[in-house]
Amino acid sequence: MKCRNCYQSNFIKKGKRNGKQRYHCKNCKCNFQLEYAYKAYQSNVDDLIKCLLKESCGIRSISRIINISAKTVLSRMLKISNQIKIPYFNKQGCKFEVDEMSIKIANGKKQNWLIYGIERETKLLIDFVVGGRTKENIRQLIDKILLLNPKRIYTDKLNIYPSLIPKEIHKRFQYCTNKIERMNLTLRTHIKRLSRKTICFSRKQKYLEAHLRIYFWG
Ligand SMILES: [Zn+2]
């Protein structure tokens, strides 16, 4: 038997609740039970939510599969995404592709975009920004890429890019963003809230960002 928090076995009994024995951990001072009636407290639920979020399951379908409430799924999603540490990309002199993808958020009246950049060979994500297709939002991403000393940056013909990227490393001809355009389609297939021509969409931006963090780095 081990503590749920610190995985040590230095605990004592501490009363009963609903007929189940509760324990008190002397190491981390938490109280816990060995088995819970409510399914959301079982130990493999977080991993299951992570898997299902990457396999085109919506929040309500996850809640039906695991048999917990939709609000719990949402709060767990935020908790999991806050625990994720973003891996630091530190290869110098690579080629990058940058693109924007139109997304729908319920309470946003203006059009929202997912702006992101990938490394061309490994298809690793550098960073993403959710918001309008403005110069400030795109600058956040481009500045991160310019720190990596890029060999080339490939973009589409949006007229904001030439003012942000130095001319000698900037390329924007037809078909140069094929890899990232294909990745747009993969995202729309694997993430339920990004699929087009359906009634699935994000209600709030923070849940969309949490979902994307889990998809890319979780
Ligand atoms: Zn403990």
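I will try to describe carefully the structure that is included in this document. Quantities reported herein were computed from a predicted structural model and do not represent experimental measurements.

### Observations regarding the coordination of the zinc ion
Octahedral metals with six donors have ideal donor angles of 90 or 180 degrees. Tetrahedral metals with four donors have an ideal donor angle of 109.5 degrees.
Logical step 1: In this structure, Cys 3 (SG), Cys 6 (SG), Cys 25 (SG) and Cys 28 (SG) serve as the protein donors to the zinc ion, at separations of 2.3 to 2.4 Å.
Logical step 2: Taken together, the four donor atoms coordinating the zinc ion span angles of 105 to 114° at the metal, a pattern that classifies the geometry as tetrahedral.
Logical step 3: Sequence spacing among the residues donating to the zinc ion works out to C-x2-C-x18-C-x2-C. Of this pair, Cys 6 sits in the segment before strand 1 (11-17) while Cys 28 sits in the loop between strand 2 (20-25) and strand 3 (31-33), and the two are 22 residues apart along the sequence.

### A short note on the packing of aromatic side chains
Logical step 1: Under the defined criterion, the tally for this structure stands at 11 aromatic pairs.
Logical step 2: Their ring planes at 40° and their centres at 5.9 Å tell us that Phe 128 and Phe 216 sit as a pair that is tilted. Linking Phe 128 in strand 6 (residues 125-131) with Phe 216 in helix 7 (residues 205-217), this pair joins segments that are 88 residues apart in sequence. Note on accessibility: Phe 128 and Phe 216 belong to one class, buried.

### A short note on the side chain of Ser 202
Logical step 1: Within the element layout of this structure, Ser 202 appears in the loop between helix 6 (178-190) and helix 7.
Logical step 2: At 3.3 Å, the side chain of Ser 202 and the side chain of Arg 193 are in polar contact.
Logical step 3: Dropping the residues within four chain positions of it, Ser 202 is found in contact with Lys 104, Ile 105, Ala 106, Arg 193 and Leu 208.

Criteria and thresholds
Residues numbered from 1 in each chain as written. Predicted model: local features only at pLDDT ≥ 70, side-chain atom pairs only at ≥ 80, totals over all residues. Heavy atoms only, no water. Donors = N, O, S within 2.8 Å, 3.2 Å for Na, K, Ca; no water. Tetrahedral: all angles 85-135°; square planar, octahedral: opposite > 155°, others 65-115°. Helix = DSSP H or I, 4+ residues; strand = E, 2+ residues; numbered from the N terminus. Phe/Tyr/Trp six-rings, centres within 6.5 Å; stacked < 30°, edge-to-face > 60°. Buried < 20%, exposed > 50% of the residue type's maximum accessible area, 1.4 Å probe, protein only. Polar contact = N/O pair within 3.5 Å; in protein donor to acceptor, adjacent residues only side chain to side chain. Contact = heavy atoms within 4.5 Å.

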